[in-house]
Amino acid sequence: METKQEHIMTPWIDRRRYAAGYAGKSFNSDSIDSEYQRDRARIIHSSSFRRLQSKTQIFSIGDSDFYRTRLTHSLEVAQIGSGICEQLRQRYADDPESSTWIPSLSLIEAICLGHDLGHPPFGHGGEVALNALMYAHGGFEGNGQTLRIIGRLGEYSPEHGLDLTRRTMLGLLKYPVLHNEVAGYGKEMQAVSSNIDHAKPPKCIHDDEADVLTWILAPLPEQDRQGFRAFKHMPGKHAKSLHKGFDTSIMELADDIAYGVHDLEDALALELVTERQWREQVMSRVESLPESPLNTQAEFYNSKLFSGSDRDRKHAISKLVAYFIGNIAIREQDGFASPLLRLQAEMQGEARQLLDILKKFVLDEVIRHPKVQALEFKGQQMIMRLFVTLLENPDRLLPPAYLAQFHESGRSRRVICDYIAGMTDLHATRLYHRLFSPDIGSVFDRL
(Lines give C-alpha, C1' and ligand atoms only; values in the text may rest on other atoms or scores of the structure.)
Protein backbone atom coordinates (compact mmCIF):
# COMPACT_ATOMS: atom_id res chain seq x y z
CA MET A 1 0.00 0.00 0.00
CA GLU A 2 1.27 3.47 -0.91
CA THR A 3 2.22 5.64 2.08
CA LYS A 4 1.63 9.39 2.34
CA GLN A 5 5.32 9.98 1.66
CA GLU A 6 5.23 7.80 -1.45
CA HIS A 7 2.05 9.55 -2.62
CA ILE A 8 3.88 12.90 -2.44
CA MET A 9 6.71 11.44 -4.55
CA THR A 10 4.38 10.05 -7.24
CA PRO A 11 4.04 13.20 -9.45
CA TRP A 12 7.83 13.35 -9.65
CA ILE A 13 8.18 9.94 -11.29
CA ASP A 14 5.74 10.87 -14.05
CA ARG A 15 6.95 10.93 -17.67
CA ARG A 16 5.68 13.24 -20.39
CA ARG A 17 4.41 10.46 -22.64
CA TYR A 18 1.89 9.41 -19.96
CA ALA A 19 -0.85 11.96 -20.57
CA ALA A 20 -2.77 10.93 -17.45
CA GLY A 21 0.31 10.53 -15.31
CA TYR A 22 0.46 7.90 -12.58
CA ALA A 23 -2.80 8.98 -10.97
CA GLY A 24 -4.52 6.09 -9.22
CA LYS A 25 -1.48 3.81 -9.32
CA SER A 26 0.23 2.58 -6.18
CA PHE A 27 4.00 2.75 -5.65
CA ASN A 28 6.46 1.91 -2.90
CA SER A 29 9.99 3.17 -2.38
CA ASP A 30 11.56 0.36 -4.41
CA SER A 31 9.32 0.88 -7.42
CA ILE A 32 9.90 4.64 -7.27
CA ASP A 33 13.65 4.13 -7.28
CA SER A 34 13.37 1.69 -10.18
CA GLU A 35 12.04 4.61 -12.25
CA TYR A 36 15.23 6.54 -11.51
CA GLN A 37 17.28 3.46 -12.38
CA ARG A 38 15.52 3.49 -15.75
CA ASP A 39 16.46 7.15 -16.18
CA ARG A 40 20.10 6.37 -15.44
CA ALA A 41 20.07 3.50 -17.94
CA ARG A 42 18.53 5.66 -20.65
CA ILE A 43 21.18 8.32 -20.18
CA ILE A 44 24.07 5.84 -20.19
CA HIS A 45 22.81 4.11 -23.34
CA SER A 46 21.96 7.32 -25.21
CA SER A 47 24.01 8.42 -28.20
CA SER A 48 24.47 11.85 -26.59
CA PHE A 49 26.18 10.28 -23.58
CA ARG A 50 28.49 8.14 -25.74
CA ARG A 51 29.54 11.18 -27.74
CA LEU A 52 30.90 12.80 -24.57
CA GLN A 53 33.93 10.51 -24.89
CA SER A 54 35.06 12.66 -27.84
CA LYS A 55 34.13 16.08 -26.53
CA THR A 56 36.55 18.51 -24.93
CA GLN A 57 36.66 19.01 -21.16
CA ILE A 58 39.65 21.39 -21.08
CA PHE A 59 42.37 19.76 -23.14
CA SER A 60 41.85 18.90 -26.77
CA ILE A 61 40.87 15.33 -27.64
CA GLY A 62 43.98 13.58 -28.87
CA ASP A 63 46.43 15.49 -26.65
CA SER A 64 46.69 12.29 -24.61
CA ASP A 65 44.54 9.34 -23.58
CA PHE A 66 45.07 10.30 -19.92
CA TYR A 67 43.32 13.66 -19.68
CA ARG A 68 39.65 14.01 -18.96
CA THR A 69 36.93 14.22 -21.58
CA ARG A 70 33.33 15.26 -20.98
CA LEU A 71 32.54 11.58 -20.47
CA THR A 72 35.12 10.86 -17.78
CA HIS A 73 34.24 14.19 -16.16
CA SER A 74 30.56 13.16 -16.02
CA LEU A 75 31.46 9.80 -14.48
CA GLU A 76 33.49 11.56 -11.79
CA VAL A 77 30.70 14.06 -11.09
CA ALA A 78 28.33 11.10 -10.62
CA GLN A 79 30.72 9.45 -8.17
CA ILE A 80 31.15 12.66 -6.19
CA GLY A 81 27.40 13.29 -6.23
CA SER A 82 26.81 9.83 -4.81
CA GLY A 83 29.36 10.53 -2.09
CA ILE A 84 27.64 13.79 -1.18
CA CYS A 85 24.26 12.05 -0.84
CA GLU A 86 25.71 9.27 1.31
CA GLN A 87 27.31 11.83 3.59
CA LEU A 88 24.06 13.82 3.83
CA ARG A 89 22.02 10.68 4.47
CA GLN A 90 24.21 9.84 7.47
CA ARG A 91 24.31 13.42 8.72
CA TYR A 92 20.53 13.90 8.58
CA ALA A 93 19.38 10.41 9.55
CA ASP A 94 17.29 11.89 12.38
CA ASP A 95 15.74 14.65 10.23
CA PRO A 96 12.61 13.12 8.62
CA GLU A 97 12.10 15.77 5.92
CA SER A 98 15.72 16.04 4.80
CA SER A 99 16.28 12.29 4.80
CA THR A 100 13.06 11.80 2.80
CA TRP A 101 14.10 14.16 0.01
CA ILE A 102 17.82 13.37 -0.26
CA PRO A 103 18.01 11.77 -3.72
CA SER A 104 18.68 8.05 -4.03
CA LEU A 105 21.96 6.96 -5.60
CA SER A 106 20.13 6.04 -8.81
CA LEU A 107 18.57 9.48 -9.04
CA ILE A 108 21.66 11.56 -8.28
CA GLU A 109 23.76 9.44 -10.62
CA ALA A 110 21.23 9.94 -13.42
CA ILE A 111 21.31 13.70 -12.88
CA CYS A 112 25.10 13.89 -12.68
CA LEU A 113 25.69 11.59 -15.65
CA GLY A 114 23.29 13.67 -17.74
CA HIS A 115 24.38 17.15 -16.74
CA ASP A 116 26.67 17.72 -19.75
CA LEU A 117 24.68 15.94 -22.48
CA GLY A 118 24.01 19.19 -24.33
CA HIS A 119 27.52 20.59 -24.44
CA PRO A 120 28.66 21.08 -28.05
CA PRO A 121 32.05 20.28 -29.60
CA PHE A 122 35.03 22.37 -28.44
CA GLY A 123 33.66 23.11 -24.99
CA HIS A 124 32.42 26.53 -23.97
CA GLY A 125 34.04 28.04 -27.05
CA GLY A 126 31.71 25.98 -29.21
CA GLU A 127 28.79 27.09 -27.04
CA VAL A 128 29.59 30.76 -27.70
CA ALA A 129 30.00 30.12 -31.43
CA LEU A 130 26.58 28.49 -31.74
CA ASN A 131 24.94 31.23 -29.70
CA ALA A 132 26.50 33.87 -31.96
CA LEU A 133 24.41 32.34 -34.74
CA MET A 134 21.30 31.56 -32.65
CA TYR A 135 20.91 34.50 -30.26
CA ALA A 136 18.13 36.00 -32.39
CA HIS A 137 16.44 32.61 -32.82
CA GLY A 138 15.84 31.35 -29.28
CA GLY A 139 19.49 31.17 -28.21
CA PHE A 140 21.95 28.35 -27.58
CA GLU A 141 23.32 27.35 -24.18
CA GLY A 142 24.81 24.00 -23.22
CA ASN A 143 22.50 23.37 -20.27
CA GLY A 144 19.55 24.46 -22.38
CA GLN A 145 20.58 21.92 -25.01
CA THR A 146 20.70 19.23 -22.30
CA LEU A 147 17.02 19.92 -21.57
CA ARG A 148 16.32 19.82 -25.31
CA ILE A 149 17.95 16.39 -25.61
CA ILE A 150 16.21 14.81 -22.64
CA GLY A 151 12.87 16.43 -23.48
CA ARG A 152 12.80 16.39 -27.28
CA LEU A 153 15.73 14.98 -29.25
CA GLY A 154 16.74 11.78 -27.41
CA GLU A 155 16.03 8.45 -29.08
CA TYR A 156 13.65 6.82 -26.59
CA SER A 157 10.50 8.67 -27.65
CA PRO A 158 9.64 10.33 -30.98
CA GLU A 159 8.11 13.35 -29.25
CA HIS A 160 9.63 13.36 -25.75
CA GLY A 161 13.32 12.62 -26.18
CA LEU A 162 14.78 10.43 -23.44
CA ASP A 163 11.45 10.84 -21.63
CA LEU A 164 12.96 10.93 -18.14
CA THR A 165 10.99 11.27 -14.94
CA ARG A 166 9.93 14.75 -13.89
CA ARG A 167 12.26 14.81 -10.88
CA THR A 168 15.32 13.84 -12.92
CA MET A 169 14.45 16.57 -15.41
CA LEU A 170 14.01 19.07 -12.55
CA GLY A 171 17.45 18.05 -11.28
CA LEU A 172 18.96 18.74 -14.70
CA LEU A 173 17.25 22.14 -14.90
CA LYS A 174 20.08 24.39 -13.76
CA TYR A 175 18.56 27.65 -14.99
CA PRO A 176 14.71 27.69 -15.07
CA VAL A 177 14.43 30.82 -17.24
CA LEU A 178 13.97 31.34 -20.98
CA HIS A 179 16.53 32.95 -23.26
CA ASN A 180 14.20 35.82 -24.20
CA GLU A 181 13.59 36.61 -20.52
CA VAL A 182 17.21 37.07 -19.48
CA ALA A 183 19.18 37.94 -22.65
CA GLY A 184 20.87 41.33 -22.52
CA TYR A 185 23.22 41.62 -25.50
CA GLY A 186 25.08 44.82 -26.32
CA LYS A 187 25.30 46.67 -29.62
CA GLU A 188 28.49 44.79 -30.52
CA MET A 189 26.35 41.77 -31.47
CA GLN A 190 25.82 43.48 -34.82
CA ALA A 191 29.56 43.77 -35.54
CA VAL A 192 31.31 41.35 -37.89
CA SER A 193 34.44 40.10 -36.17
CA SER A 194 36.40 36.95 -35.39
CA ASN A 195 36.17 37.93 -31.71
CA ILE A 196 32.80 36.66 -30.48
CA ASP A 197 33.27 37.02 -26.73
CA HIS A 198 30.25 39.34 -26.71
CA ALA A 199 28.09 36.38 -27.85
CA LYS A 200 28.37 34.46 -24.57
CA PRO A 201 24.86 33.20 -23.83
CA PRO A 202 22.89 33.89 -20.66
CA LYS A 203 22.47 30.92 -18.36
CA CYS A 204 19.08 29.74 -19.50
CA ILE A 205 17.04 27.28 -21.53
CA HIS A 206 16.07 27.85 -25.15
CA ASP A 207 12.80 29.56 -25.96
CA ASP A 208 11.76 26.44 -27.88
CA GLU A 209 11.54 24.44 -24.62
CA ALA A 210 9.04 26.67 -22.82
CA ASP A 211 6.45 23.88 -22.89
CA VAL A 212 8.90 21.39 -21.38
CA LEU A 213 9.64 23.82 -18.55
CA THR A 214 5.92 24.23 -17.88
CA TRP A 215 5.47 20.46 -17.64
CA ILE A 216 8.41 19.97 -15.27
CA LEU A 217 7.13 22.59 -12.82
CA ALA A 218 3.45 21.57 -12.99
CA PRO A 219 3.26 19.73 -9.58
CA LEU A 220 4.59 22.76 -7.70
CA PRO A 221 2.29 25.27 -6.01
CA GLU A 222 1.70 28.37 -8.15
CA GLN A 223 3.68 30.61 -5.79
CA ASP A 224 6.65 28.19 -5.93
CA ARG A 225 6.52 28.10 -9.73
CA GLN A 226 6.64 31.86 -9.97
CA GLY A 227 9.34 32.25 -7.34
CA PHE A 228 11.49 29.51 -8.83
CA ARG A 229 11.56 31.27 -12.21
CA ALA A 230 12.62 34.62 -10.74
CA PHE A 231 15.72 36.33 -12.09
CA LYS A 232 17.81 39.38 -11.30
CA HIS A 233 18.41 42.13 -13.84
CA MET A 234 22.07 43.04 -14.32
CA PRO A 235 22.70 46.49 -15.88
CA GLY A 236 24.37 46.09 -19.26
CA LYS A 237 24.54 42.29 -18.89
CA HIS A 238 22.40 39.20 -19.09
CA ALA A 239 19.98 38.75 -16.22
CA LYS A 240 20.65 35.87 -13.82
CA SER A 241 18.29 33.19 -12.59
CA LEU A 242 18.12 33.09 -8.80
CA HIS A 243 17.09 29.55 -7.85
CA LYS A 244 17.77 25.89 -8.45
CA GLY A 245 16.23 22.70 -7.10
CA PHE A 246 17.58 20.62 -4.21
CA ASP A 247 18.90 17.83 -6.44
CA THR A 248 20.48 20.39 -8.77
CA SER A 249 22.32 22.00 -5.86
CA ILE A 250 23.94 18.63 -5.09
CA MET A 251 24.87 18.04 -8.73
CA GLU A 252 26.38 21.53 -9.04
CA LEU A 253 28.53 21.02 -5.95
CA ALA A 254 29.79 17.73 -7.40
CA ASP A 255 30.49 19.52 -10.70
CA ASP A 256 32.34 22.31 -8.89
CA ILE A 257 34.50 19.83 -6.99
CA ALA A 258 35.35 17.96 -10.20
CA TYR A 259 36.16 21.24 -11.93
CA GLY A 260 38.28 22.67 -9.12
CA VAL A 261 40.12 19.47 -8.17
CA HIS A 262 40.12 16.97 -11.02
CA ASP A 263 40.77 19.54 -13.75
CA LEU A 264 43.59 20.81 -11.57
CA GLU A 265 44.98 17.27 -11.54
CA ASP A 266 45.06 17.23 -15.35
CA ALA A 267 46.85 20.56 -15.42
CA LEU A 268 49.47 19.27 -12.98
CA ALA A 269 49.97 16.06 -14.96
CA LEU A 270 50.43 18.10 -18.16
CA GLU A 271 52.84 20.42 -16.30
CA LEU A 272 50.78 23.37 -17.48
CA VAL A 273 51.13 24.98 -14.05
CA THR A 274 54.30 25.28 -12.05
CA GLU A 275 54.94 24.90 -8.35
CA ARG A 276 55.85 28.58 -8.24
CA GLN A 277 52.43 29.54 -9.65
CA TRP A 278 50.79 27.20 -7.17
CA ARG A 279 52.57 28.75 -4.19
CA GLU A 280 51.99 32.35 -5.35
CA GLN A 281 48.34 32.04 -6.36
CA VAL A 282 46.98 29.31 -4.11
CA MET A 283 49.13 28.71 -1.06
CA SER A 284 49.56 32.42 -0.34
CA ARG A 285 45.78 32.86 -0.34
CA VAL A 286 44.96 29.90 1.91
CA GLU A 287 46.95 31.47 4.74
CA SER A 288 43.69 33.29 5.56
CA LEU A 289 41.93 29.89 5.93
CA PRO A 290 43.56 28.50 9.09
CA GLU A 291 41.54 25.26 9.20
CA SER A 292 41.81 24.33 5.53
CA PRO A 293 43.91 21.24 4.70
CA LEU A 294 46.18 23.23 2.38
CA ASN A 295 47.12 25.27 5.43
CA THR A 296 47.28 22.61 8.13
CA GLN A 297 49.01 20.09 5.82
CA ALA A 298 50.78 22.44 3.43
CA GLU A 299 53.96 20.41 3.04
CA PHE A 300 52.03 17.20 2.36
CA TYR A 301 50.05 18.75 -0.50
CA ASN A 302 52.97 20.66 -1.99
CA SER A 303 55.16 17.56 -2.07
CA LYS A 304 52.49 15.14 -3.31
CA LEU A 305 51.04 17.38 -6.04
CA PHE A 306 54.43 18.20 -7.54
CA SER A 307 56.33 14.95 -6.94
CA GLY A 308 55.89 13.84 -10.56
CA SER A 309 54.26 10.62 -9.36
CA ASP A 310 50.73 9.82 -10.52
CA ARG A 311 50.19 7.88 -7.30
CA ASP A 312 51.28 10.75 -5.04
CA ARG A 313 49.23 13.26 -6.97
CA LYS A 314 46.12 11.06 -6.82
CA HIS A 315 46.59 10.59 -3.06
CA ALA A 316 46.48 14.35 -2.53
CA ILE A 317 43.58 14.88 -4.94
CA SER A 318 41.50 12.16 -3.23
CA LYS A 319 42.03 13.74 0.19
CA LEU A 320 40.89 17.11 -1.14
CA VAL A 321 37.73 15.61 -2.63
CA ALA A 322 36.91 13.90 0.67
CA TYR A 323 37.43 17.18 2.54
CA PHE A 324 35.01 19.05 0.30
CA ILE A 325 32.33 16.35 0.46
CA GLY A 326 32.56 16.25 4.25
CA ASN A 327 31.82 19.97 4.47
CA ILE A 328 28.48 19.95 2.63
CA ALA A 329 25.27 20.48 4.61
CA ILE A 330 21.60 21.15 3.95
CA ARG A 331 20.11 24.59 4.52
CA GLU A 332 16.60 25.92 3.94
CA GLN A 333 15.83 28.92 1.76
CA ASP A 334 12.80 31.08 2.41
CA GLY A 335 9.89 31.53 0.07
CA PHE A 336 9.19 27.96 -1.02
CA ALA A 337 6.69 25.39 0.22
CA SER A 338 8.04 22.42 -1.74
CA PRO A 339 11.01 20.64 -0.13
CA LEU A 340 12.49 20.10 -3.61
CA LEU A 341 12.99 23.86 -3.84
CA ARG A 342 13.21 24.88 -0.18
CA LEU A 343 16.04 22.48 0.69
CA GLN A 344 19.49 23.31 -0.69
CA ALA A 345 22.85 21.59 -0.41
CA GLU A 346 25.59 24.03 0.49
CA MET A 347 29.32 23.81 1.02
CA GLN A 348 30.23 25.46 4.30
CA GLY A 349 32.78 28.01 5.46
CA GLU A 350 36.42 27.61 4.59
CA ALA A 351 35.75 24.64 2.31
CA ARG A 352 33.71 26.86 -0.04
CA GLN A 353 36.39 29.54 0.02
CA LEU A 354 39.11 27.01 -0.73
CA LEU A 355 37.18 25.49 -3.62
CA ASP A 356 36.65 28.97 -5.08
CA ILE A 357 40.39 29.60 -4.88
CA LEU A 358 41.11 26.35 -6.73
CA LYS A 359 38.46 27.08 -9.38
CA LYS A 360 39.89 30.54 -9.99
CA PHE A 361 43.39 29.08 -10.27
CA VAL A 362 42.20 26.58 -12.91
CA LEU A 363 40.37 29.35 -14.77
CA ASP A 364 43.26 31.81 -14.75
CA GLU A 365 46.18 29.46 -15.34
CA VAL A 366 44.63 26.64 -17.35
CA ILE A 367 41.46 27.63 -19.21
CA ARG A 368 42.81 31.09 -20.05
CA HIS A 369 46.23 29.73 -21.01
CA PRO A 370 47.10 30.97 -24.53
CA LYS A 371 47.56 27.41 -25.82
CA VAL A 372 44.11 26.36 -24.57
CA GLN A 373 42.56 29.57 -25.89
CA ALA A 374 44.12 29.02 -29.33
CA LEU A 375 42.43 25.62 -29.56
CA GLU A 376 39.14 27.08 -28.40
CA PHE A 377 39.36 29.86 -30.98
CA LYS A 378 40.08 27.40 -33.77
CA GLY A 379 37.08 25.30 -32.76
CA GLN A 380 34.84 28.37 -32.75
CA GLN A 381 35.85 29.35 -36.26
CA MET A 382 35.22 25.83 -37.56
CA ILE A 383 31.76 25.70 -36.00
CA MET A 384 30.73 29.08 -37.37
CA ARG A 385 31.86 28.30 -40.90
CA LEU A 386 30.18 24.88 -40.82
CA PHE A 387 26.93 26.43 -39.58
CA VAL A 388 26.74 29.06 -42.32
CA THR A 389 27.72 26.57 -45.03
CA LEU A 390 25.14 23.98 -43.96
CA LEU A 391 22.44 26.65 -43.65
CA GLU A 392 23.13 27.87 -47.19
CA ASN A 393 23.53 24.40 -48.73
CA PRO A 394 21.17 22.07 -46.85
CA ASP A 395 20.07 19.94 -49.82
CA ARG A 396 23.66 19.16 -50.76
CA LEU A 397 25.24 18.69 -47.35
CA LEU A 398 22.75 17.72 -44.62
CA PRO A 399 22.23 14.02 -43.76
CA PRO A 400 18.77 12.79 -44.89
CA ALA A 401 17.21 12.73 -41.39
CA TYR A 402 18.24 16.32 -40.65
CA LEU A 403 17.30 17.46 -44.16
CA ALA A 404 13.76 16.17 -43.64
CA GLN A 405 13.52 18.08 -40.35
CA PHE A 406 15.02 21.16 -42.02
CA HIS A 407 12.21 21.30 -44.57
CA GLU A 408 9.40 20.16 -42.26
CA SER A 409 9.98 22.00 -39.01
CA GLY A 410 10.03 25.61 -40.13
CA ARG A 411 12.91 26.15 -37.70
CA SER A 412 15.80 25.60 -40.08
CA ARG A 413 18.44 27.28 -37.91
CA ARG A 414 17.52 25.16 -34.89
CA VAL A 415 17.89 21.98 -36.98
CA ILE A 416 21.40 23.05 -38.10
CA CYS A 417 22.21 23.97 -34.49
CA ASP A 418 21.06 20.57 -33.20
CA TYR A 419 23.13 18.80 -35.87
CA ILE A 420 26.35 20.64 -35.04
CA ALA A 421 25.80 20.61 -31.26
CA GLY A 422 25.51 16.82 -31.39
CA MET A 423 28.86 16.42 -33.15
CA THR A 424 31.99 15.30 -31.35
CA ASP A 425 35.15 17.36 -31.69
CA LEU A 426 36.48 14.76 -34.12
CA HIS A 427 33.30 14.69 -36.23
CA ALA A 428 33.23 18.48 -36.55
CA THR A 429 36.92 18.59 -37.46
CA ARG A 430 36.59 15.87 -40.10
CA LEU A 431 33.53 17.48 -41.67
CA TYR A 432 35.31 20.83 -41.74
CA HIS A 433 38.33 19.36 -43.53
CA ARG A 434 36.13 17.37 -45.86
CA LEU A 435 34.38 20.55 -46.98
CA PHE A 436 37.21 23.06 -46.93
CA SER A 437 40.60 21.29 -47.23
CA PRO A 438 41.34 20.74 -50.95
CA ASP A 439 43.46 17.62 -50.47
CA ILE A 440 41.14 15.87 -47.98
CA GLY A 441 37.86 14.12 -48.70
CA SER A 442 36.57 10.99 -50.39
CA VAL A 443 33.18 9.43 -51.05
CA PHE A 444 34.40 6.59 -48.88
CA ASP A 445 35.05 8.79 -45.83
CA ARG A 446 33.01 8.02 -42.74
CA LEU A 447 32.38 10.89 -40.37
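Whatever comes next refers back to the structure up there.
One structure accompanies this document, and this report is about it. Just so it is clear, the structure is predicted and the values come from calculations on it, not from any experiment.

Focus on the overall build of the protein chain
1) Next: When helices and strands are counted, the protein chain shows 24 helices and four strands.
2) Next: By the compact-globule yardstick of 22 Å for 447 residues, the protein chain fits well, its C-alpha radius of gyration being 22 Å.
3) Next: When each of the 447 residues of the protein chain is scored for burial, the buried share is 53%.
4) Next: Accessible surface computed for the protein chain: about 20100 Å², of which carbon and sulfur atoms make up 50%.
5) Next: The averaged location of the 60 negative side-chain charges in the protein chain is 3 Å from the averaged location of its 53 positive side-chain charges.

Points about empty space enclosed by the protein
Empty space among the atoms becomes apparent when a probe as large as a water molecule is rolled across them.
1) Next: The final tally for this structure, using the stated rule, is one cavity of 30 Å³ or more.
2) Next: Considered as a void within the structure, the largest cavity measures approximately 30 Å³ in volume.
3) Next: Lining the largest cavity are Asn143, Leu147, Leu172, Leu173, Lys174, Tyr175, Cys204 and Ile205.
4) Next: The residue inventory of the lining of the largest cavity, partitioned by class, reads six nonpolar, one polar and one charged.

A closer look at unusual backbone geometry
1) Next: The phi torsion at phenylalanine 122 lies on the positive side, around 65°, for a residue other than glycine.
2) Next: With a phi angle near 60°, glutamate 271 is a residue other than glycine that sits in the positive phi range.
3) Next: When you line up the elements, glutamate 271 lands in the loop between α13 (246-269) and α14 (275-283).
4) Next: On the basis of relative accessibility, which here comes to 68%, the residue glutamate 271 falls in the exposed class.

Description of α13
Residues lying three or four places apart along an α-helix face the same way, a consequence of the helix completing one turn every 3.6 residues.
1) Next: Across its 24 residues, α13 extends 34 Å between first and last C-alpha, which sits within 8% of the 34 Å expected from 1.5 Å per residue.
2) Next: By the largest-angle criterion, tyrosine 259 marks the main kink of α13, which is about 30°.
3) Next: Within α13, 22 of the 24 residues are buried, which leaves the element mostly enclosed by the surrounding structure.
4) Next: Taken from the residues just after α13, glutamate 271 is the one with a positive phi, measuring 60°.

Remarks on the side chain of serine 46
1) Next: Structurally, the position occupied by serine 46 is in the loop between α2 (29-44) and α3 (47-51).
2) Next: Of note is the side chain of serine 46, whose polar atom sits 3.2 Å from the backbone nitrogen of phenylalanine 49.
3) Next: Leaving out residues up to four positions away in the same chain, serine 46 has contacts with Leu117, Glu155 and Leu162.

Let's talk about the nonpolar core
1) Next: With 90 residues, the main nonpolar core has Ile84, Ile257, Trp278, Leu294, Phe324, Leu354 and Leu358 as its most contacted residues.
2) Next: No other element matches α13, which puts eleven residues into this core.
3) Next: The contact partners of phenylalanine 324, leaving out residues within four places of it in the chain, are Ile257, Val261, Met347, Ala351, Leu354, Leu355 and Leu358.
4) Next: One finds Leu130, Ile383, Met384 and Phe387 within the second-largest nonpolar core, a separate group that totals 30 residues.

Description of the pattern of salt bridges
1) Next: Across all of its chains, the model carries 33 salt bridges by this definition.
2) Next: A salt bridge links aspartate 256 to arginine 352; its shortest N-O distance comes to 3.5 Å. Within this pair, whereas aspartate 256 is found in helix α13, its partner arginine 352 is found in helix α19 (residues 349-367), the two being separated by 96 residues in sequence.
3) Next: Taking relative accessible area as the criterion, aspartate 256 reaches 18% and is therefore assigned buried.
4) Next: Taken together, the shared-partner salt bridges in this structure form one network comprising Arg16, Arg148, Arg152, Glu209, Asp211 and Asp418.

Some points on the layout of surface pockets
1) Next: Within this model, the second largest pocket holds a volume of roughly 740 Å³.
2) Next: Leu153, Gly154, Tyr402, Gln405 and Asp418 are the residues nearest the centre of the second largest pocket, which is lined by 32 residues in total.
3) Next: Secondary structure elements with two or more residues in the lining of the second largest pocket: α3, α8 (142-153), α22 (400-409) and α23 (412-421).

A short note on helix α6 (residues 105-114)
1) Next: Of all the ten residues making up α6, eight are buried; the element is thus mostly covered by neighbouring parts of the structure.
2) Next: Along α6, the residues that are buried comprise Ser106, Leu107, Ile108, Ala110, Ile111, Cys112, Leu113 and Gly114.
3) Next: On its buried side, α6 packs onto α2, α3, α4 (70-91), α8, α9 (166-171) and α13.

With respect to the packing of α4 against helix α17 (residues 310-326)
1) Next: Interaxial distance between α4 and α17 falls to 9 Å at its minimum, and their mutual angle equals 45°. Taken together, the axes of α4 and α17 lie oblique to each other. Every pair of crossing elements has a handedness; the one defined by α4 and α17 is right-handed. Contacts from Ile80, Gly83, Ile84, Gln87 and Arg91 in α4 reach Val321, Ile325 and Gly326 in α17.

Topic: the packing of α6 against α13
1) Next: Closest axis-to-axis distance for the α6/α13 pair is 10 Å, and the angle between their directions is 60°. Of the possible angle classes, the one that applies to α6 and α13 is oblique. Where α6 crosses over α13, the two elements pack in a sense that is right-handed. Here Leu107, Ile108, Ile111 and Cys112 of α6 come into contact with α13, specifically with Asp247, Ile250 and Met251.
2) Next: For the contact of α6 with α13, the per-class residue count stands at six nonpolar, no polar and one charged.

A few points about the packing of aromatic side chains
Within a pair of aromatic rings, the relevant descriptors are the distance that separates the centres and the angle that separates the planes.
1) Next: Inspection of every chain in the model, using the stated rule, returns seven aromatic pairs.
2) Next: When the centroid spacing of 5.9 Å and the interplanar angle of 75° are considered together, the rings of tryptophan 278 and phenylalanine 361 count as edge-to-face. Taken together, the residues span a long stretch of sequence, with tryptophan 278 in helix α14 and phenylalanine 361 in helix α19 at a distance of 83 residues.
3) Next: Note on phenylalanine 300 and tyrosine 301: the rings are 5.0 Å apart at their centroids and 85° apart in plane angle, and the pair reads as edge-to-face.
4) Next: Judged by its relative accessible area of 22%, phenylalanine 300 is partly exposed.
5) Next: For tyrosine 301, a relative accessible area of 1% gives the class buried.
6) Next: Among the aromatic residues, those joined into a cluster by ring pairs are Trp278, Phe306 and Phe361.
7) Next: For the cation-ring pair, arginine 166 lies above tryptophan 215, with the distance from its terminal atom to the ring centre recorded as 4.1 Å.
8) Next: Positioned over the ring face of phenylalanine 436 is arginine 385, at 3.8 Å from the centre of the ring.

Thresholds, definitions, all that
- Residues numbered from 1 in each chain as written.
- Predicted model: local features only at pLDDT ≥ 70, side-chain atom pairs only at ≥ 80, totals over all residues.
- Heavy atoms only, no water.
- Helix = DSSP H or I, 4+ residues; strand = E, 2+ residues; numbered from the N terminus.
- Rg over C-alpha atoms; globule rule 2.2 N^0.38 Å.
- Buried < 20%, exposed > 50% of the residue type's maximum accessible area, 1.4 Å probe, protein only.
- Areas by Shrake-Rupley, 256 points an atom, 1.4 Å probe, with all protein chains shown as cover.
- Lys, Arg positive; Asp, Glu negative; His and termini not counted.
- Charge placed at Lys NZ, Arg CZ, Asp CG, Glu CD.
- 1 Å grid on protein atoms, 1.4 Å probe; cavity = no way out; pocket = protein on both sides within 12 Å on 5 of 7 lines; lining within 4 Å.
- Points joined across faces, edges and corners; volume = space filled by probe spheres on them.
- Nonpolar A, V, L, I, M, F, W, Y, C, P; charged D, E, K, R; others polar.
- Expected span 1.5 Å × (residues − 1).
- Bend = angle between axes of the 7 residues up to and from the residue.
- Polar contact = N/O pair within 3.5 Å; in protein donor to acceptor, adjacent residues only side chain to side chain.
- Contact = heavy atoms within 4.5 Å.
- Core = buried A, V, L, I, M, F, W, Y, C linked by side-chain atoms within 4.5 Å.
- Salt bridge = Lys/Arg side-chain N within 4 Å of Asp/Glu carboxyl O.
- Axes fitted to C-alpha atoms, helices over the stretch in contact; angles between N-to-C directions.
- Parallel < 35°, antiparallel > 145°, perpendicular 65-115°, else oblique.
- Left-handed = near helix turned anticlockwise from the far one by under 90°.
- Phe/Tyr/Trp six-rings, centres within 6.5 Å; stacked < 30°, edge-to-face > 60°.
- Lys NZ or Arg CZ within 6 Å of the ring centre and 35° of its normal.

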